[in-house]
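Chains, contacts and geometry: an overview
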Amino acid sequence: SLDWGYTDDNGPSTWAEKYPLAAGARQSPVDIDTSKATSDNSLVDREIDWSYPSNCSYRIVNTGYGWRVDTYGDDTALSGGPLSEVYKLEQFHCHWGATNDEGSEHTVDGKSYAAELHLVHWNSEKYSSFKEAASQPDGLAVLGVFMEIGNADNAELEKIISLIPKIIHKGQDSQASFDLDFGSLLPESKHYWTYLGSLTTPPCNECVIWTVFKEPITISERQLEVFRSLKSVGEEDAIEPEEGKLVKNYRPPLPLGNRVLRECGP
Ligand SMILES: CC[C@H](CNC(=O)c1ccc(S(N)(=O)=O)cc1)c1ccc2[nH]ccc2c1
Ligand SMILES: [Zn+2]
C-alpha cells in the first residue's frame, strides 16, 4: 500500500507518524482568515510578476497522488510580491475533492473551492537545484489558484485533461510538449495573500513562500470528473475497477499560529 496518501488509513491525520515535519508550526495549507490579513506597506504595489513561455511544459505524469506537469524552468521567471529573488517554474499540479464543495487546500474564511492549482517554483538565484531549494526556508515559491465550477470548459486545462486518459495508472507519463497559455491558468486580478508555509504533501518541508490568488479560475464539472478518474495504483496492481481512484487529494488546513498573513492588490 502507499506510504502516505488521502485515505482513512494513510491520510493527512497519519502523516506526522512517518513525516515529523508534518507536525511543524509552519505548515500548509491554512485557512485564509481575511480579518487577519494585514495590508501593510511592505508589499504596496509590489505586484507579483511571472513570465512563462508557452512551450515550457514537456511531460505529464501520474504521481499516484494526482497529475503533475513538468516544465523547463530555464526561460521562466517569477518575481516581485513577497519574493526577494527570481524563482523558476519546476512543475504544476492540482488538488481536488470527491465532491465540488471541497477540494482546495487553502480555504478563505472557511470556504473551500472545488480544486486548487499549484505552480511550483524554486529559488535558482540562491540554490543550485530544486531538491536543494526544497530544504531551505526560502527555497520554493508556490502560486495557488482556486478553481470553481463554471458552465464552460477551461480551454487551456482541456489540453491537460485530454492527456489524462494516457496516464490513468500511477507511474504512467506522457511526453507531450503542449503549448499552454499560462495567462488563462492564472486569474486576471493579481490580488493575493502571502505567508510562509510548507509543502502540502510529505515530507512537508517548511520551504515555501506561498502566494494564493483571491480570484478563482473556472473548471467544468466534466473536466473535474476526468481528474477523479486517475488512479493511485499502478497498472500491475490488480484491483477492482472502481478501487484506487484518486477522488480526492487535498490536505485540510493547519493552524496559521503566529505567522503573518499579508494581503496585496487592488
Ligand atoms: C522535497 C520533496 C520533493 C517532492 N515534493 C515536491 O516536489 C512537492 C512540490 C510542491 C508541493 S505543494 N502541494 O505544496 O505545491 C508538494 C510537494 C522531492 C524532490 C526531490 C526528491 N528527490 C528525492 C526525494 C525527493 C523529494
Ligand atoms: Zn500542491
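Notes on the structure follow. (Residues numbered from 1 in each chain as written. Chains lettered and ligands numbered in written order. Predicted model: local features only at pLDDT ≥ 70, side-chain atom pairs only at ≥ 80, totals over all residues. Heavy atoms only, no water.)

Re the overall build of the protein
So the rule is basically this: Secondary structure counts use DSSP, requiring at least four H or I residues in a row for a helix and at least two E residues in a row for a strand, with both numbered from the N terminus. A radius of gyration in this sense is built from C-alpha atoms; the matching globule rule multiplies 2.2 Å by the number of residues raised to 0.38. For each residue, the accessible area found with a 1.4 Å probe, counting protein chains only, is set against the maximum for its type, and the residue is called buried under 20%, exposed over 50%, and partly exposed in between. In what follows, residue pairs with any heavy atoms lying within 4.5 Å of each other are defined as contacts. His is not counted here, nor are the chain ends, while Lys and Arg score as positive and Asp and Glu score as negative. Lys charges are placed at NZ, Arg charges at CZ, Asp charges at CG and Glu charges at CD.
Each helix and strand in the protein was counted, giving four helices and 14 strands. Relative to a compact globule of 266 residues, whose C-alpha radius of gyration would be 18 Å, the protein shows 18 Å and is just as compact. With the C-alpha coordinates of the protein rotated into their principal frame, the extents come out at 55 × 40 × 40 Å. Within the span of the protein, comprising 266 residues, buried residues form 52% of the whole. For the protein, contacts bridging at least 24 residues in sequence account for 71% of all contacts bridging at least 6. Between the averaged position of the 23 positive side-chain charges in the protein and that of its 42 negative side-chain charges there is a distance of 2 Å.

Brief notes about the coordination of the zinc ion (ligand 2)
The textbook angles at a metal center are 109.5 degrees for a tetrahedron of four donors and 90 or 180 degrees for an octahedron of six. Our working definition: Donors, by definition, are the N, O and S atoms found within 2.8 Å of a metal, the threshold being 3.2 Å for Na, K and Ca, and water is not counted, so a site can look incomplete. When four donors show all angles between 85 and 135 degrees the site is tetrahedral, when four or six donors have opposite pairs over 155 degrees and all other angles between 65 and 115 it is square planar or octahedral respectively, and in every other case it is irregular.
Coordination of the zinc ion (ligand 2) by the protein involves His93 (NE2), His95 (NE2) and His118 (ND1), with metal-donor separations of 2.0 to 2.1 Å. Bound by four donor atoms, the zinc ion (ligand 2) shows angles of 100 to 117 degrees at the metal and therefore tetrahedral coordination geometry. Site description for the zinc ion (ligand 2): donor spacing in sequence, H-x1-H-x22-H. Note that His95 is positioned in strand S6 (residues 87–96) and His118 in strand S8 (residues 115–123), a separation of 23 residues in sequence.

Notes on the site of ligand 1
Note the cut-off: Nearness of a residue to a molecule or strand requires only that one of the residue's heavy atoms be within 4 Å of it. Throughout this description, a polar contact denotes any pair of N or O atoms lying within 3.5 Å of each other; where both atoms belong to protein, one of them has to be capable of donating a hydrogen while the other can accept it, and for residues adjacent in sequence the pair is counted only when both atoms sit in side chains. Ten residues, namely Ala, Val, Leu, Ile, Met, Phe, Trp, Tyr, Cys and Pro, are considered nonpolar, four, namely Asp, Glu, Lys and Arg, are considered charged, and the remaining ones, Gly among them, are considered polar.
Around ligand 1, 16 residues are found, and the nearest of them are His93, His95, Lys131, Thr200 and Thr201. Between ligand 1 and His93, the relevant distance is 3.3 Å, taken from a nitrogen atom to a side-chain nitrogen or oxygen of the residue. Broken down by secondary-structure element, the contributors of at least two residues to the shell around ligand 1 are S6, S8 and helix H2 (130–133). With three residues, S6 is the single largest residue contributor to the shell around ligand 1. For the shell around ligand 1, the class distribution of residues is seven nonpolar, eight polar and one charged.

Side note on the nonpolar core
Inclusion rule: Residue types Ala, Val, Leu, Ile, Met, Phe, Trp, Tyr and Cys, when buried and joined through side-chain atoms within 4.5 Å, form a set referred to as a nonpolar core.
Judged by nonpolar contacts, the single largest core of 46 residues is most densely connected at Trp67, Phe92, Trp96, Leu119, Ile160, Phe182 and Phe227. Taken together, the elements giving at least two residues each to this core come down to strand S4 (67–71), S6, S8, strand S9 (140–149), helix H3 (155–161), strand S12 (208–213), strand S13 (217–219) and helix H4 (221–228). With five residues, S6 is the largest single contributor of residues to this core. In contact with Phe227, not counting residues within four places along its chain, are Trp67, Cys94, Trp96, Ile161, Ile164, Ile219 and Leu246.

Some points on the packing of aromatic side chains
Going by this rule: Between rings of Phe, Tyr and Trp, where Trp is taken as its six-membered ring, a pair exists when centres lie within 6.5 Å; planes separated by under 30 degrees are stacked, by over 60 edge-to-face, and by other angles tilted.
Per the counting criterion, the structure on display carries twelve aromatic pairs. Consider the rings of Trp4 and Trp15, whose centres lie 5.4 Å apart with planes at 80 degrees: the pair is edge-to-face. Of this pair, Trp4 sits in the segment before helix H1 (15–18) while Trp15 sits in helix H1, placing them eleven residues apart in sequence. Judged on exposure class, the residue Trp4 and its partner Trp15 are both buried. Ring centres of Trp96 and Phe227 lie 5.0 Å apart, and the angle between their planes is 40 degrees; this geometry places the pair in the tilted category. Within this pair, whereas Trp96 is found in strand S6, its partner Phe227 is found in helix H4, the two being separated by 131 residues in sequence. Here Trp96 and Phe227 have matching classes, each one buried.

A short note on H4
Among all positions of H4, only Gln223, Leu224, Val226, Phe227 and Arg228 are buried. Summarising the contacts, the buried residues of H4 are in contact with S4, S6, S8, S9, H3 and S13.

Some words on the environment of Glu221
Positionally, Glu221 belongs in helix H4. Note: C-alpha distance between Glu221 and Glu148 (73 residues apart in sequence) is 9.3 Å. In this structure, Glu221 is in contact with Asn100, Ile149, Gly150 and Arg228, ignoring residues within four places of it in sequence.

Points about the side chain of Asp138
Position of Asp138 among the secondary structure elements: in the loop between H2 and S9. Residues contacting Asp138, with those up to four places away along its chain left out, are Glu85, Tyr87, Asn123, Lys126, Tyr127, Cys207 and Ile209.

Section: the environment of Leu43
Tracing the backbone shows Leu43 in the loop between strand S1 (31–32) and strand S2 (48–51). Leu43 sits in the buried class, given a relative accessible area of 2%. Along the backbone, Leu43 and Arg262 are 219 residues apart, and their C-alpha atoms lie at a distance of 8.1 Å. In this structure Leu43 touches Gly81, Pro82, Tyr192, Thr194, Arg262, Glu263 and Cys264, once residues within four positions along its chain are discounted.

From the geometry alone we can't say anything about function, so treat these as descriptive.
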